[in-house]
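Here are the chains, one letter per residue:
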Amino acid sequence: MDEYRFHFYLGNTSIPSDRYFMAHDAHEAMRMFDYACTKRHIAPEVQKVEKWNRWSEKWEDVTLLAKDPSLN
């Protein structure tokens, strides 16, 4: 499993927030993030998604090519 970080803003705030998830892949992490947002009735503006590379000890950008239809 890998650690994913979602960097996002809520509404009109200028203060960024981060959420972390352990998942098998980026799409599973996105489903978990979407569930957490739906449960709390929030609509975040995601700025970036990153995956922790434990070998180089740094965050790497993740590109999600298409939104999973199950997230609608």
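Cut-off values and rules
- Residues numbered from 1 in each chain as written.
- Predicted model: local features only at pLDDT ≥ 70, side-chain atom pairs only at ≥ 80, totals over all residues.
- Heavy atoms only, no water.
- Salt bridge = Lys/Arg side-chain N within 4 Å of Asp/Glu carboxyl O.
- Helix = DSSP H or I, 4+ residues; strand = E, 2+ residues; numbered from the N terminus.
- Buried < 20%, exposed > 50% of the residue type's maximum accessible area, 1.4 Å probe, protein only.
- pLDDT = per-residue confidence, 0-100.
- Contact = heavy atoms within 4.5 Å.
- Phe/Tyr/Trp six-rings, centres within 6.5 Å; stacked < 30°, edge-to-face > 60°.
- Pairing = 2+ DSSP bridges.

*Asks:* Outline the pattern of salt bridges, supporting the account with residue identities and numerical values.
*Replies:* Between side chains of opposite charge, a pair can form as their charged atoms come close. Inspection of every chain in the model, using the stated rule, returns three salt bridges. Across the pair K51 and D2 runs a salt bridge whose closest N-O atoms are separated by 3.4 Å. Here the residue K51 occupies a position in strand β3 (residues 44-53), and D2 occupies one in strand β1 (residues 2-10), the gap between them amounting to 49 residues. Classification of K51 as partly exposed rests on a relative accessible area of 29%. Among the residues examined, D2 registers a relative accessible area of 21% and is labelled partly exposed.

*Asks:* Break down the confidence of the model for the protein chain for me, citing the residues and quoting the values.
*Replies:* Here the protein chain averages 89 in pLDDT, and 89% of its residues register 70 or above. The least confident element of the protein chain, judged by mean pLDDT, is β3 at 95; the most confident is strand β2 (residues 17-23) at 97. Contacts from residues 68-72, a stretch scored under 50 in pLDDT, to residues over four places away or in other chains number six contacts.

*Asks:* How would you explain the packing of aromatic side chains if you had to name every residue and give the values?
*Replies:* Evaluation of the coordinates by the stated rule reveals six aromatic pairs. Judged by centre distance (4.4 Å) and plane angle (0 degrees), the ring pair of F6 and F33 falls under stacked. Highlighted residues: F6 in strand β1 and F33 in helix α1 (residues 26-39), separated in sequence by 27 residues. A single burial state applies to F6 and to F33, both of which are buried. Centroid distance Y20 to W59: 5.9 Å. Interplanar angle 50 degrees. Geometry classified as tilted. Here Y20, found in strand β2, pairs with W59, found in strand β4 (residues 58-62); they are 39 residues apart in sequence, far enough to count as distant. Assessed through its relative accessible area of 43%, Y20 is described here as partly exposed.

*Asks:* So what's going on with the pairing of β2? Which residues, and what values?
*Replies:* With seven bridges joining them, β1 and β2 adopt antiparallel strand pairing. Bridging across to β2, Y4 finds its partner in F21. The turn joining β1 and β2, which pair antiparallel and follow one another in sequence, is formed by six residues; a positive phi near 55 degrees is taken by G11.

*Asks:* Lay out the environment of Y9 in plain terms, naming residues and giving numbers.
*Replies:* For Y9, the location among the structural elements is in strand β1. Looking at Y9, the relative accessible area reads 22%, which means it is partly exposed. Distance in space between the C-alpha atoms of Y9 and E45 is 5.2 Å, their sequence separation being 36 residues. Those residues within four positions of Y9 in sequence are excluded, and the remaining contacts are S14, I15, P16, P44, E45 and Q47.

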